[in-house]
Amino acid sequence: MTSELLLQQLANGISLGSLYALLAIGYTMVYGILRLINFAHGDIFMMAAYFMVFSIVTFRLPWYIAIVVVIIVTIALGVLLEKTAYKPLRNAPRMSIMISAIGASFLLENLATYLFTGVPRGFPDIRILTTTVELGSLSLTVATLITPFVTLILLYVVLFITNKTKIGMAMRAVSKDFETAKLMGININQVISTTFVIGSALAAVGAILWGSRYPSVMPLMGVMPGLKCFIAAVLGGIGNATGAVLGGFILGMAEIMLITFLPSLTGYRDAMAFVILIVVLLVKPTGLLGEKVTDKV
Amino acid sequence: MSILKINNVTMQFGGVTAVNNLNIEVQEGKIEALIGPNGAGKTTAFNVITGVYSPTKGNVYYKDENITGITPDKITKKGIARTFQNIRLFKNLTVFDNILIANHLRINSNFVSSTLRMPWSNKEERLMREKSEMLLDKLDLLRLKNEIAHSLPYGEQRKLEIARALATDADLLLLDEPAAGMNPSETMELSSFIHNIRDEFKLTIFMIEHHMDLVMEISEKIYVLDFGQLIAEGTANEVKNDQRVIEAYLGVEEDA
Amino acid sequence: MMDKLNDKKSKLFLNLLLIAVFAAILILLDTKTIGDAYVRRILNLSAIYAIVSVSMNLVNGFTGLFSLGQAGFMAIGAYTVAIFTVPLEARAKIFYIIPQNPVLAQIELPFVIALILGGLLAALVAVLIGMPVLRLKSDYLAIATLGFSEIIRIVFTNIKSITNGALGIKNIPIMPTMWVFFGVAIISIGLMWLLINSSYGRAFKAIREDEVAAEAMGINLFKHKVMSFSIGAFFAGIGGGLLATLFATVDPNQFYFPVTYNFLLIIVLGGMGSISGTIIASFVVTIGLEILRFFDEPLALFGVNIPLFRPGLRMVVFSILLMVLVLFFRNGLLGQKELSWKLVFDWLSGKKPIKKTDEGGAA
């Protein structure tokens, strides 16, 4: 193994990890507030990729406008999902809500298969993202290069919102104690909607960067990244945005390293994430940055 | 003879000390009570005894056996059963099922012979049913046998929860606010009910309670907890006149 | 009518009549007097789905554990049957890229032995998985079991000398009679019914209702969860084994995790915590999905092509159905009740069949 190749793979790992991080933030925030695994989050991400295909290929929008449009439409989809699939079940047993989440995820996948067929669509080539830059001996696309920075900036924005704004304070209150927050007059619905807005927006950004890296859009493209990013969120400590980013980085890096150093195990790439999940839950169920919660009896 | 001994137990959550260096000895065959203002650490103490929490420091002894840090199901098997402050029945099951479930811990058949209805499993099941019916009958709940638990009136639910705890063949019964939400006449009834089951089943009863009338009437010994500290212990009269207890409940006059 | 109902004799008569009718239909189908191969196949598939769905209901509906691992356990049962029942002489042709493991290449087992072995292996894997996973809170359990189901599939795709990888195993001997499928279904579901109505079944329900209270009643949560989970896996493995002989072929894609969603739909439709509801829903859903196949065909009405009908619509309808059920009819057909003549007659005479009960608290 040459040191160039190692560096190259390191860069790939960081970049893939930051993509995971973008999705993981959405999982961690929704879980923090609703204690719900938003199974459909990966499918929102998939739909965002399709939106990008249509805005650029079908509607011939310039890329910078397309990005804005896609983010807005994805947010609308995320909020719609929450209003139809989760809100009516707010007082239902936990299992019903999870089934609804699975149903929503399955519906989006099947809808995409029905509307767009299972044949992969090419992701539009956004030149500014796919241009290759030479950095010493490394050659990276702009997308690979900027992804970690985009992720860190967005993390900063999320942290700013949750820590410094009024709605952010409400979000933290709700995630600490749903019932009490409600009694204190916090507008729960607004808090939950905001959470879905942020999560969906990040998923849209993730989808655009993902597409520039793996330019093939399919109805089931969100399934594996979705599961992995939830795992990243658990790894980082569920409910904690910084943890989600950390977990995403670790997962992406681990995956690339597995492929680099143990190429014979490449087939087990997707299995590794689940092994990591089990190990984390056994060793440190609260994740790397999570807080310990004691159930009240 | 003491049946339950709480020895220097401290329970901390993060930086918060819920129970601080608690020492209690419950005497066998008595009805004793743990009282104190809200947040004094009473339920925490119960949770430590029943194994829900493992204490930060100190030990719990039951019949001279150290039971510290053992899981709740094992503690119940040893003979300590409890009820909960906010009633935790198996809501969607029948009264009878609630009682039968509490018998499961003493079962000898494994799941294969139970499933295949082996003669010895059938016999065990039959005995379990007879015993449960007898228990329901003694507590005047047999008429409700096939009712769904959550459809019972509040008072009956409390009673069923106590019956369920008894069905585990417990020697020590921990009652967490048995009179919560009851009106005075129901409370009076409960008081004689507790007396009766103690005599009938030869139990020791240790309870947390807010209703002072009830506590003062039936407890042979009272422990008072405030901010996790034991501030007084003794008979109803002794405790009632203790200066620190009065302060804890009424607040201290702050002149200075 | 009501007097008749309370009459034990007439109930027995009705039961015997019902059994006789079903047996007669089955005999007619099996002797190829009525129906065709397609109908028989769908009914056999329904019987298999009934086994797997009841096994999933045992874990999810009766024990309150949200497990999504059914597809993986089915894969274990299916592959066990495939690996051990294909005739020895046919094996070289199947494993033509990478030869079969030399030990396995010499073992051929009778179907029933392989079927039970498949169930046992699925149960064993469930115990190993359950050890770490069942200590988790219920929401993590869903994703961990889903993950394990995928890991099993990925492993099966990769251990080519045992499973023939993505190519799958063909030429699995087919069972000549429907009684194999229906017989195994009746025995399996019967056993699960007996279990659920035993002291252990009551303990499972106690865990579903309230874990803290169940533990305070002396029930060892972990032990009972592992028990329910692995018994559920055993019967899912049995179902998988039957599936292998029904299709005569197995490959990893048959066990992609959305397969589990079929069973999820079935138990939600039938009622979480109702065995009879699950059986009815298994047949309704399996047959329904076949009927819905026309959604995937182009449809022309009066010479006009209805553009809506094309491949994929069936699954859209399927997922919408799941959503509608969980959003508006959370109790499904029977909730936590079992089908009885009283229920049927009440329903026929227009009384409200199911008294609304509060939701089972599956926290």
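Everything numeric here is computed off the predicted structure, so don't read it as measured data. Counting restarts for each chain: residues are numbered from 1 in the order of the written sequence. Labels are handed out in written order, letters beginning with A for the chains and numbers beginning with 1 for the ligands. Given that this is a predicted model, residues contribute local features only at a pLDDT of at least 70 and side-chain atom pairs are listed and counted only at 80 or more, while totals for whole chains, interfaces and linings are drawn from all residues.

Describe the overall build of chain B, listing the residues and the values that go with them.
Helix and strand counts for chain B stand at 10 helices and 10 strands. In summary, chain B has a C-alpha radius of gyration of 19 Å against a globular reference of 18 Å for 256 residues, a match within 12%. Judged by the C-alpha coordinates and their principal axes, chain B covers about 75 × 40 × 35 Å. Counting other C-beta atoms within 10 Å of its own, a residue is labelled buried from 20 upward, exposed at 12 or fewer, and partly exposed in the gap between, with every C-beta atom placed from the backbone. Residues classed as buried in chain B amount to 43% of the 256 residues present. Note on contacts: each residue gets a C-beta atom placed from the backbone, and two residues are in contact if those atoms are within 7 Å. A sequence separation of at least 24 residues applies to 67% of the contacts in chain B between residues at least 6 apart. Secondary structure elements follow DSSP: runs of H or I of four or more residues count as helices, runs of E of two or more count as strands, with numbering from the N terminus. Computation of the radius of gyration draws on C-alpha atoms, with the globule rule given as 2.2 Å multiplied by the number of residues to the power 0.38.

Can you tell me about helix α6 (residues 111-133) of chain C, naming the residues and giving the values?
Given a rise of 1.5 Å per residue, 23 residues ought to cover 33 Å, and the 32 Å separating the end C-alpha atoms of α6 of chain C matches this to within 8%. Looking at α6 of chain C, one finds that the buried residues are A114, L115, G118, G119, A122, A123, A126, I129, G130 and V133 of chain C. The span one expects for a helix is its residue count, reduced by one, times 1.5 Å.

Tell me about the sheet that holds strand β9 (residues 221-226) of chain B, residues and numbers included.
All names here are of chain B. Each pair of strands is called paired provided DSSP finds at least two bridges between the two strands. Sheet architecture is open: six strands sit in the order β6-β7-β8-β3-β9-β10, paired in mixed fashion. The open sheet has two free edges, formed respectively by β6 (80-82) and β10 (229-234), since each of these has just one partner strand. With direction set aside, neighbouring strand axes in the sheet form an average angle of 20°. Sitting on the sheet, helix α1 (residues 42-49) is in contact with β3 (31-35), β6, β7 (172-176), β8 (204-208) and β9, with an inclination near 150° to β7. Every axis corresponds to a line fitted to the C-alpha atoms, with the helix fit spanning only the stretch in contact, and the corresponding angles, defined between N-to-C directions, vary from 0 to 180 degrees.

Give me the lowdown on the environment of V142 of chain A, citing residues and values where you can.
Residues and elements named next belong to chain A. Positionally, V142 belongs in helix α6 (residues 142-164). For V142 and T58, which are 84 residues apart along the polypeptide, the C-alpha to C-alpha distance reads 25 Å. Residues in contact with V142, not counting those within four places in the same chain, are I128, L129, T131 and V133.

Give a detailed account of the interface of chain C and chain A, specifying residues and quantitative values.
Reports often express the size of an interface as the amount of accessible area lost when the parts come together. Between chain C and chain A, the residue contacts involve 38 residues of the former and 34 residues of the latter. Broken down by secondary-structure element, the contributors of at least two residues to the side of chain C that touches chain A are α6, α7 (138-158), α13 (258-270) and α15 (313-328) of chain C. For the side of chain C that touches chain A, the leading source of residues is α7 of chain C, giving 13 residues.

I'd like to hear about the sheet that holds strand β5 (residues 65-66) of chain B, residue by residue, with values.
All names here are of chain B. Strand order across the open sheet formed by four strands is β2-β1-β4-β5, with antiparallel pairing between neighbours. Looking at strand neighbours, the two that pair on one side only are β2 (16-27) and β5, the edges of this open sheet. Pairing of strand β1 (residues 2-13) with strand β4 (residues 57-62), which is carried by five bridges, proceeds in the antiparallel orientation. The residue bridging K5 from the neighbouring strand is Y61, located in β4.

Describe the domain arrangement of chain B, naming the residues involved and giving the relevant values.
Residue and element names in this part refer to chain B. Residue ranges assigned to the domains are those given by an automatic or database domain assignment. Partitioning chain B into structural domains gives domain 1 (1-79 + 170-256) and domain 2 (86-169). A straight line from the C-alpha centre of domain 1 to that of domain 2 covers 27 Å. Every contact between the two is made by 13 residues of domain 1 and, on the other side, 11 residues of domain 2. Mapped onto the side of domain 1 that touches domain 2, the elements with two or more residues apiece are α2 (72-78), β7 and α7 (184-201). Charged residues are taken to be Asp, Glu, Lys and Arg, nonpolar residues to be Ala, Val, Leu, Ile, Met, Phe, Trp, Tyr, Cys and Pro, and polar residues to be all remaining types, Gly included. Of the residues that constitute the side of domain 1 that touches domain 2, the class distribution is eight nonpolar, two polar and three charged.

Can you tell me about the pairing of β8 of chain B, naming the residues and giving the values?
Residues and elements named next belong to chain B. Counting buried positions along β8 yields five of five residues, so the element is predominantly enclosed. For β7 and β8, the ladder comprises five bridges, and the chain directions are parallel. Bridge assignment links L173 to a residue of β8, and that residue is I205. Read as a crossover between parallel neighbours, the route from β7 over α7 to β8 is right-handed. Orient the strands so they point away from the viewer, and a crossover whose first-strand-to-second-strand path over the helix runs clockwise is right-handed.

I'd love a proper account of the interface of chain C and chain B, names of residues and values included.
Taken together, the contacts link 26 residues of chain C with 27 residues of chain B. Those elements that place two or more of their residues in the side of chain C that touches chain B are α9 (178-196), α10 (199-209) and α11 (211-216) of chain C. Here the element with the most residues in the side of chain C that touches chain B is α10 of chain C; it accounts for seven residues. Its residues assigned to classes, the side of chain C that touches chain B comprises 12 nonpolar, eight polar and six charged.

So what's going on with unusual backbone geometry? Which residues, and what values?
The phi dihedral of T117 of chain A is positive, around 60°, even though this residue is not glycine. Classification of T117 of chain A by C-beta neighbours within 10 Å gives partly exposed; the count is 14.

An account of the packing of α6 of chain C against helix α12 (residues 221-247) of chain C is requested, with residue identities and associated values reported.
Residues and elements named next belong to chain C. With their axes 7 Å apart at the nearest point, α6 and α12 run at an angle of 145° to one another. Note that α6 runs across α12; the crossing there is right-handed. Residue composition of the contact of α6 with α12, by class: 17 nonpolar, eight polar and one charged. Helix crossings get a hand from a simple test, with the near helix turned counterclockwise from the far one by less than a right angle marking a left-handed crossing and a clockwise turn marking a right-handed one.

Outline helix α6 (residues 154-167) of chain B, supporting the account with residue identities and numerical values.
At 3.6 residues per turn, the α-helix brings residues three or four places apart onto the same side. Residue and element names in this part refer to chain B. With 14 residues, α6 should cover 20 Å at 1.5 Å per step; its first-to-last C-alpha distance of 20 Å lies within 8% of that length. The complete set of buried residues in α6 reads R158, K159, L160, E161, I162, A163, R164, A165, L166 and A167. Check the buried side of α6 and you find it contacts β6, α3 (95-103), α5 (119-138), β7 and α7. In the stretch just after α6, D169 is the one whose phi turns positive, near 65°.

I'd like a description of the environment of I31 of chain B, backed by residues and values.
Residues and elements named next belong to chain B. Summarising the element assignment, I31 is placed in strand β3. By the C-beta count within 10 Å, which is 23 here, I31 ends up buried. Once the C-alpha coordinates of I31 and I205 are considered, the two residues, 174 residues apart in sequence, prove to be 4.7 Å apart. Once residues within four sequence positions are removed from consideration, I31 is found in contact with I194, R198, I205, I218, S219 and E220.

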